[in-house]
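Chain and residue survey
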Number of protein chains: 2
Amino acid sequence: MKATVIVTLKPTVLDPQGMTIQRSLGSLGLDDITDVRQGKIFDVRLKNGSREQVERLAKDVLTNPVIEEYRIIWE
Amino acid sequence: MKATVIVTLKPTVLDPQGMTIQRSLGSLGLDDITDVRQGKIFDVRLKNGSREQVERLAKDVLTNPVIEEYRIIWE
């Protein structure tokens, strides 16, 4: 069984990496792109279909709850 | 219009970050998780629905074609 954990900065948190990418786009002629925000993705493989362990992994290990939020996509 | 660009290491490329996470899971009691691989995700907002610019962003700016691959999810 597979799961994908996506960790992104909360919308209210400043994203300097995304802003840097965004700023460089004008000189590359990609000026239709108005906003870029970066996050992390984790492809997880698990046995026994124990979803609760993936929830714990996402919540306790992969996410900093002060500035980040996560969502899980099950496959 | 929104798009999500997901950049991951090619399956044949070693992922030290994922392996480090994976190794720490046993001591946390998360031993049903057999594999973790890390990647990057970019949430992109664009005007005029110019998909070609997002393709170019993903291919030329966000991905290192030697070791990484990308996929785009349109919303």
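The structure under discussion appears in the preceding block.
Residues numbered from 1 in each chain as written. Chains lettered and ligands numbered in written order. Predicted model: local features only at pLDDT ≥ 70, side-chain atom pairs only at ≥ 80, totals over all residues. Heavy atoms only, no water.

Details of the overall build of chain A
Counting secondary structure elements, chain A contains 2 helices and 3 strands. Secondary structure of chain A in N-to-C order comes out as β-α-β-α-β. Judged by the C-alpha coordinates and their principal axes, chain A covers about 50 × 25 × 15 Å. Per-residue burial for chain A yields a buried fraction of 40% across its 75 residues. Here the analysis covers contacts within chain A between residues at least 6 apart in sequence; of these, 68% occur between residues at least 24 apart. When the accessible surface of chain A is totalled, it reaches about 4200 Å², and 53% of it is carbon and sulfur. Each charge class in chain A can be summarised by its mean position, and for the 11 positive and 11 negative side chains these summaries are 7 Å apart. (Helix = DSSP H or I, 4+ residues; strand = E, 2+ residues; numbered from the N terminus. Buried < 20%, exposed > 50% of the residue type's maximum accessible area, 1.4 Å probe, protein only. Contact = heavy atoms within 4.5 Å. Areas by Shrake-Rupley, 256 points an atom, 1.4 Å probe, with all protein chains shown as cover. Lys, Arg positive; Asp, Glu negative; His and termini not counted. Charge placed at Lys NZ, Arg CZ, Asp CG, Glu CD.)

Section: the side chain of B:T4
Locating B:T4 in the fold gives a position in strand β1 (residues 2-9). The residues touching B:T4, leaving out its near neighbours within four places in the chain, are B:I41, B:F42, B:D43, B:R71, B:I72, B:I73 and B:E75.

As for the sheet that holds strand β2 (residues 33-46) of chain B
On the basis of which strands lie adjacent, the open sheet formed by 6 strands has the order β3(A)-β1(A)-β2(A)-β2(B)-β1(B)-β3(B) and antiparallel pairing. Each edge of the open sheet is held by one strand with a lone partner, namely β3 (68-74) of chain A together with β3 (68-74) of chain B. Across this sheet, the average inter-strand angle for adjacent strands is 25 degrees, counted without regard to direction. The strands touched by helix α1 (residues 16-25) of chain A within the sheet are β2 (33-46) of chain A together with β2 of chain B, with β2(A) carrying the most contacts at an inclination of about 130 degrees. Of the strands in this sheet, β2 of chain A together with β1, β2 and β3 of chain B touch helix α2 (residues 51-62) of chain B, which is tilted by about 160 degrees from β3(B). (Pairing = 2+ DSSP bridges. Axes fitted to C-alpha atoms, helices over the stretch in contact; angles between N-to-C directions.)

What to know about the pairing of strand β1 (residues 2-9) of chain A
Strand residues, when the strand is regular, have side chains that alternate between the two faces of the sheet. Residues and elements named next belong to chain A. Of all the 8 residues making up β1, 7 are buried; the element is thus mostly covered by neighbouring parts of the structure. Here 7 bridges tie β1 to β2, and the two strands are oriented antiparallel to one another. Considered in β2, the bridge of T8 is made with G39. In this sheet, β3 lies alongside β1 in antiparallel orientation, the contact comprising 7 bridges. What sits directly across from A3, in β3, is W74.

Spatial relationships are all this shows, so hold off on functional conclusions.
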